Amino acid sequence: MSNGMRVDLSELDEVIRKLWRLLDDMDKAGNTSKYDTAIPEHAFGQTGGEVVFQEAKNLHAASSEMKTKIEGIIKKLHELIDDFSTKTSKVRDRYNDEEHEIKKGVGGDSGGSPKGRLAQTN
């Protein structure tokens, strides 16, 4: 029995499309954080030779640690968005199935009303 609420399935479809686009963006961000943010140790200063920048190794270690944390954050966000997208799709499917069942129950799938049709001759 309906409680008078109506669900706009096209709006749910739009939410799902936006979530998929967001997932694509998260994939790009994940790839960028994984492959395009590595900084070689020598970029922080000389670690060998006559002049040595003592903090270079520490800076490189801190950079690597932060890179790993960022990758983890992006992965968690991706999982959260994917989960929400999947659940939203399931809800949309349930509402769609319910709508079809209601139409079927009130004769919506039986070919419609005979009103307006030409009378059949035998």
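The structure we're discussing is the one just above.
Residues numbered from 1 in each chain as written. Predicted model: local features only at pLDDT ≥ 70, side-chain atom pairs only at ≥ 80, totals over all residues. Heavy atoms only, no water.

Re helix α1 (residues 9-35)
Compared with the 39 Å implied by 1.5 Å per residue over 27 residues, the 39 Å span of α1 between its first and last C-alpha is a close match. The set of residues buried in α1 consists of Leu9, Leu12, Ile16, Leu19, Leu23, Met26, Gly30 and Ser33. If you follow the buried residues of α1, they end up packed against α2 (56-105). (Helix = DSSP H or I, 4+ residues; strand = E, 2+ residues; numbered from the N terminus. Expected span 1.5 Å × (residues − 1). Buried < 20%, exposed > 50% of the residue type's maximum accessible area, 1.4 Å probe, protein only. Contact = heavy atoms within 4.5 Å.)

Focus: the nonpolar core
Leu19, Leu23, Met26, Ile74 and Ile81 form the largest nonpolar core, which has five residues in total. It is α1 that contributes the most residues to this core, three residues altogether. Apart from residues no more than four positions distant in its own chain, Ile74 is found in contact with Met26, Ala29, Gly30 and Ser33. (Core = buried A, V, L, I, M, F, W, Y, C linked by side-chain atoms within 4.5 Å.)

Examining α2
Because an α-helix packs 3.6 residues into every turn, residues spaced three or four apart end up facing the same way. Between the first and last C-alpha of α2 there are 73 Å, a value that for 50 residues agrees with the 74 Å anticipated at 1.5 Å per step. Within α2 the residues assigned to the buried category are Ala56, Ser63, Lys67, Ile74, Ile81, Ser85, Thr88, Ser89 and Arg92. The inward-facing, buried residues of α2 contact α1. Downstream of α2 by a residue or two, Gly107 has a phi angle that is positive, lying close to 90 degrees.

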